[in-house]
Amino acid sequence: MSRRRIAYVLPIHNEEGNIPLLHERLTAVAATLADRYDVEFVYVDDGSRDRSLELLRGLRARDPRVSVYALARNYGHQIAVTAGLDVADADAVIVMDSDLQDPPEVSLELVARWEDGVDVAYAQRRTRDDGLFKRATAHGFYWLLSHLANVDIPRDTGDFRLMDRRVVAELRKHPEHNRFIRGLVASIGFRQEAVLFDRDARHAGETGYPLRKMLKLAGDGIFGFSTAPLKLISRVGGAMAVIALLWTIYLVVARVVSPGSVIEGWTYLAAGMFLLGGIQMLMLGVLGSYLGRIYVEVQGRPLYAFAVSETGPPER
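Residues numbered from 1 in each chain as written. Predicted model: local features only at pLDDT ≥ 70, side-chain atom pairs only at ≥ 80, totals over all residues. Heavy atoms only, no water.

A closer look at the overall build of the chain
Secondary structure assignment for the chain yields ten helices and eight strands. Going through the 316 residues of the chain one by one, you find that 41% of them count as buried. Per element, the accessible surface of the chain, about 17,000 Å² overall, is 60% carbon and sulfur. (Helix = DSSP H or I, 4+ residues; strand = E, 2+ residues; numbered from the N terminus. Buried < 20%, exposed > 50% of the residue type's maximum accessible area, 1.4 Å probe, protein only. Areas by Shrake-Rupley, 256 points an atom, 1.4 Å probe, with all protein chains shown as cover.)

A word on the packing of aromatic side chains
Two aromatic rings, taken as a pair, are described by how far apart their centres are and by the angle between their planes. Within the structure shown, the criterion is met by three aromatic pairs. Note on Tyr 37 and Trp 114: the rings are 5.8 Å apart at their centroids and 40 degrees apart in plane angle, and the pair reads as tilted. Separated by 77 residues along the polypeptide, Tyr 37 in strand β2 (residues 37-45) and Trp 114 in helix α4 (residues 107-115) bring together distant segments of the chain. On the accessibility criterion, Tyr 37 (5% relative accessible area) is buried. The class of Trp 114 is buried, set by a relative accessible area of 6%. Aromatic side chains Phe 160 and Phe 197 sit 5.7 Å apart centroid to centroid with 85 degrees between the ring planes, which places their arrangement in the edge-to-face category. Of this pair, Phe 160 sits in strand β6 (residues 157-164) while Phe 197 sits in strand β7 (residues 192-199), placing them 37 residues apart in sequence. Look at Phe 160 and you get buried, because its relative accessible area is 2%. (Phe/Tyr/Trp six-rings, centres within 6.5 Å; stacked < 30°, edge-to-face > 60°.)

A look at the pattern of salt bridges
One pass over the structure, following the stated rule, counts 15 salt bridges. Between Arg 65 and Asp 63 there is a salt bridge, and its shortest N-O distance comes to 3.0 Å. Residue class for Arg 65 comes out partly exposed when judged on its relative accessible area of 29%. Taking relative accessible area as the criterion, Asp 63 reaches 9% and is therefore assigned buried. (Salt bridge = Lys/Arg side-chain N within 4 Å of Asp/Glu carboxyl O.)

Details of the pairing of strand β1 (residues 4-12)
Most of β1 sits out of view: seven of its nine residues are buried. Bridge count between β1 and β2: nine bridges; the pairing is parallel. What sits directly across from Arg 5, in β2, is Asp 38. Crossover connection from β1 via helix α1 (residues 19-33) to parallel β2: handedness right-handed. (Pairing = 2+ DSSP bridges. Right-handed = clockwise from strand over helix to strand, strands pointing away.)

Quick notes on α4
Residues of α4 that are buried include every one of Ser 107, Leu 110, Val 111 and Trp 114, and no others. Mapping the buried residues of α4 onto a view down its axis gives an arc of 100 degrees, with all of them on the same face. Residue Gly 117 follows α4 closely and has a positive phi angle near 110 degrees. (Arc of directions from axis to C-beta.)

Points about the side chain of Arg 161
Summarising the element assignment, Arg 161 is placed in strand β6. Ignoring any residue separated from it by four or fewer positions in sequence, one finds Arg 161 in contact with Val 93, Ile 94, Val 95, Leu 110, Val 120, Ala 121, Tyr 122, Arg 182 and Val 185. (Contact = heavy atoms within 4.5 Å.)

Focus: a nonpolar patch on the surface
Taken together, the side chains of Leu 246, Ile 249, Val 253, Val 256 and Val 257 present a nonpolar region at the surface, about 490 Å² in accessible area. With respect to the helices and strands, Val 253 occurs in helix α9 (residues 228-257). (Patch = residues over 30% accessible without salt bridge, like charges linked within 9 Å, V, L, I, M, F, W, Y side chains within 5 Å.)

As for the nonpolar core
Among the nonpolar cores identified, the biggest contains 36 residues, and Ile 6, Tyr 8, Phe 41 and Tyr 43 are the most heavily contacted of them. Here the element with the most residues in this core is α1; it accounts for six residues. Ignoring sequence-local partners within four residues, the contact set of Phe 41 consists of Tyr 8, Leu 10, His 23, Leu 26, Thr 27, Ala 30, Asp 63, Arg 65, Val 66 and Ser 67. Core analysis: the next-biggest nonpolar cluster, separate from the first, contains 24 residues, Leu 85, Val 120, Met 163 and Leu 184 among them. (Core = buried A, V, L, I, M, F, W, Y, C linked by side-chain atoms within 4.5 Å.)

Details of the environment of Tyr 122
Position of Tyr 122 relative to the elements: it lies in strand β5 (residues 120-128). A residue is classified by how much of its surface remains accessible, and Tyr 122, at 11% relative accessible area, is buried. Sequence-distant contacts of Tyr 122, defined by excluding residues within four places in its chain, comprise Leu 110, Pro 154, Thr 157, Phe 160, Arg 161, Gln 192, Glu 193, Ala 194 and Val 195.

Details of helix α3 (residues 77-87)
Given 3.6 residues per helical turn, the α-helix brings residues three or four places apart onto the same face. Here α3 lies mainly inside the structure; eight of its eleven residues are buried. Of all the positions in α3, only Gln 78, Ile 79, Ala 80, Val 81, Thr 82, Ala 83, Gly 84 and Leu 85 are classed as buried.

Quick word on the packing of α1 against α4
Relative orientation of the contacting elements α1 and α4 amounts to 30 degrees, with a least axis distance of 10 Å. In terms of orientation, α1 lies roughly parallel with respect to α4. Taken as a pair, α1 and α4 cross one another with a handedness that is right-handed. Note on element contacts: α4 touches α1 through Ser 107, Leu 108 and Val 111, opposite Val 29, Thr 32 and Leu 33. Residues belonging to the contact of α1 with α4 are distributed by class as follows: four nonpolar, two polar and no charged. (Axes fitted to C-alpha atoms, helices over the stretch in contact; angles between N-to-C directions. Parallel < 35°, antiparallel > 145°, perpendicular 65-115°, else oblique. Left-handed = near helix turned anticlockwise from the far one by under 90°. Nonpolar A, V, L, I, M, F, W, Y, C, P; charged D, E, K, R; others polar.)

Keep in mind these numbers describe shape, not what the thing actually does.
Right, dumping it as structure tokens:
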């Protein structure tokens, strides 16, 4: 009977300061699993501009368990993870970031849950060594997502998780471009359980998620798993119509009761027009966000392209 396999999928973007220590810690974890599983490491370089790809090739030359895939350009974290999931062939796949904020040692607990019959074991942050702004915005995002999303997406989770082969197979059937993987996994179902952990600070380098990318990811999560913004447009429009009707009735009654009175307030009228115009533009922006996503999906373009693919036993 062949041994079962576990694959680590590791997206890389400008992580030259983290790769050596990351692989050292992963190797130690793999040694703990070696008596029960064959372990492989799938590194996906997402268009790095530093020495990351060079270092990954060095790892591959020394460790036959390492596979290196380099995307043709920087596609983004979620696409890099998707590419890794597409090529990983294992009984269980563990996705984790490469900045050492996701401690590799926690993956042992994920494997233990999988051995107990869990299909998805996701790492949920008990504490996080981040700045006040990052913690506040993350809390606000997950609060908003929990109230808007059509599926129950666990709070304080990233993409650090173990997925059984069946879950990965189902995930591959979701081809959308604006990806929010933790939401897709939650929507698939199966038995899913949390493993609490303390998130460390980034070991080296700069975050791959500046404010602009954080906002895009938040948008992908909300627009991809909720129609609440569209429903909100109808409610705001209805409320504005009711206010306009009441105001019109007031003007008519005032003219009938006191024909000689003059209803003044052009300043308020102008302010109201600008407010209404702003609301309309906001509504158009929400509609445009949904329409833009439809346009991208209708194009049917590939999610990514590989420039480098190095697998199998390394050349000597």
